[in-house]
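# Observations on the model geometry
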Amino acid sequence: MKMKNFASRLTSGIACAALVFGLTIPARAAAPAETVRIGSYKGNLLEVGERSGLIIGPGGAEYNVTSSAPDTVAVEQITGFWVAVAKSEGSAEITAASSAGESGTLTLTVGSPAAPASPDSADQSENLDVRQELIRLINQTRKANGVSELPVSEALMNAAQACSDQQYTYHHNQEECEAVIAHGYAHGFGSNLTVFTGVATENTAQHALDNWIASPGHFQAMIDPKCDSIGVGVTENGSVTYCYMFVGRPVSTPI
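## Side note on the nonpolar core
Counting 27 residues, the largest nonpolar core has Leu134, Ile138, Trp212, Met222, Ile230, Val232 and Met245 as its most contacted members. Residue assignment for this core shows that the elements contributing at least two residues are α2 (128-144), α5 (204-213), α6 (216-222), β11 (229-237) and β12 (240-249). The element contributing the most residues to this core is α2, with 6 residues. By size, the runner-up hydrophobic cluster in this structure holds 18 residues, among which are Ile38, Leu46, Leu54 and Ala96.

In structure tokens:
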């Protein structure tokens, strides 16, 4: 029998709201027309042999991704997601172009391979395929409910993974706020958490989504129209899997 233990938080800071909303945001000039945003989940510096998921937005569009130097950094599309593959030392410009003619670029630099990591080292890329599938399913659910799909936020991806790695079985508000701020998202946010038996497989993302759809609070967090971005984390420990979702809510007001 499968065990379920999950919770949802829709507020934007609770114990540490002052930290989230007390940050000073510099005044900005009017933003130019939106173009394609492209980022590398593991950052702009990769090691030979390393793979990194590409974060491309706005969501909901089809993109063609190319590399200026495929022998240095190749790009592959896997189950609808683009991945950069570091082949040899050097630099390459990655271009993502939409069918509407908009494009964005990213420069990736490849260095020599590092020494093997210790077994205890944290790996922010763990279960990346499952996490990308979970984001796809959440965006599919949002679209089916009349709200826009969310672009992936590297900051929220890292924060969600950091929290799932803590193997929480209930929300830790202060730690979640600290993780979001530490990884670079300086606004309000909402979160979902679910814990269940079974190691991460191709069914994990669907299992997490089904749990959240079955709970009104979780469901509302997923389809909140005020959100601007998303990040998820998935951690397995033996037969137990922990799944976190963070959604950015920049229009949230202090509590």
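## Notes on the sheet that holds strand β7 (residues 81-86)
Read from one edge of the open sheet, 4 strands run β2-β4-β7-β6, paired in antiparallel fashion. Edge positions in the sheet fall to β2 (37-40) and β6 (73-78), since each has one partner strand and no second. Pairwise comparison of adjacent strand axes, ignoring direction, gives a mean angle of 30° for this sheet. Direction of pairing for β2 relative to strand β4 (residues 51-57): antiparallel, over a ladder of 4 bridges. Considered in β4, the bridge of Ser40 is made with Leu54.

## Focus: the pattern of salt bridges
Under the definition given, this model contains 3 salt bridges. Note that Glu76 is salt-bridged to Arg51, the shortest N-O span being 2.9 Å. Of this pair, Glu76 sits in strand β6 while Arg51 sits in strand β4; the two residues are 25 residues apart in sequence, bridging distant segments of the chain. Here Glu76 falls in the partly exposed class, since its relative accessible area comes to 30%. For Arg51, a relative accessible area of 36% puts it in the partly exposed group.

Reading the values: the criteria
- Residues numbered from 1 in each chain as written.
- Predicted model: local features only at pLDDT ≥ 70, side-chain atom pairs only at ≥ 80, totals over all residues.
- Heavy atoms only, no water.
- Core = buried A, V, L, I, M, F, W, Y, C linked by side-chain atoms within 4.5 Å.
- Buried < 20%, exposed > 50% of the residue type's maximum accessible area, 1.4 Å probe, protein only.
- Helix = DSSP H or I, 4+ residues; strand = E, 2+ residues; numbered from the N terminus.
- Pairing = 2+ DSSP bridges.
- Axes fitted to C-alpha atoms, helices over the stretch in contact; angles between N-to-C directions.
- Salt bridge = Lys/Arg side-chain N within 4 Å of Asp/Glu carboxyl O.

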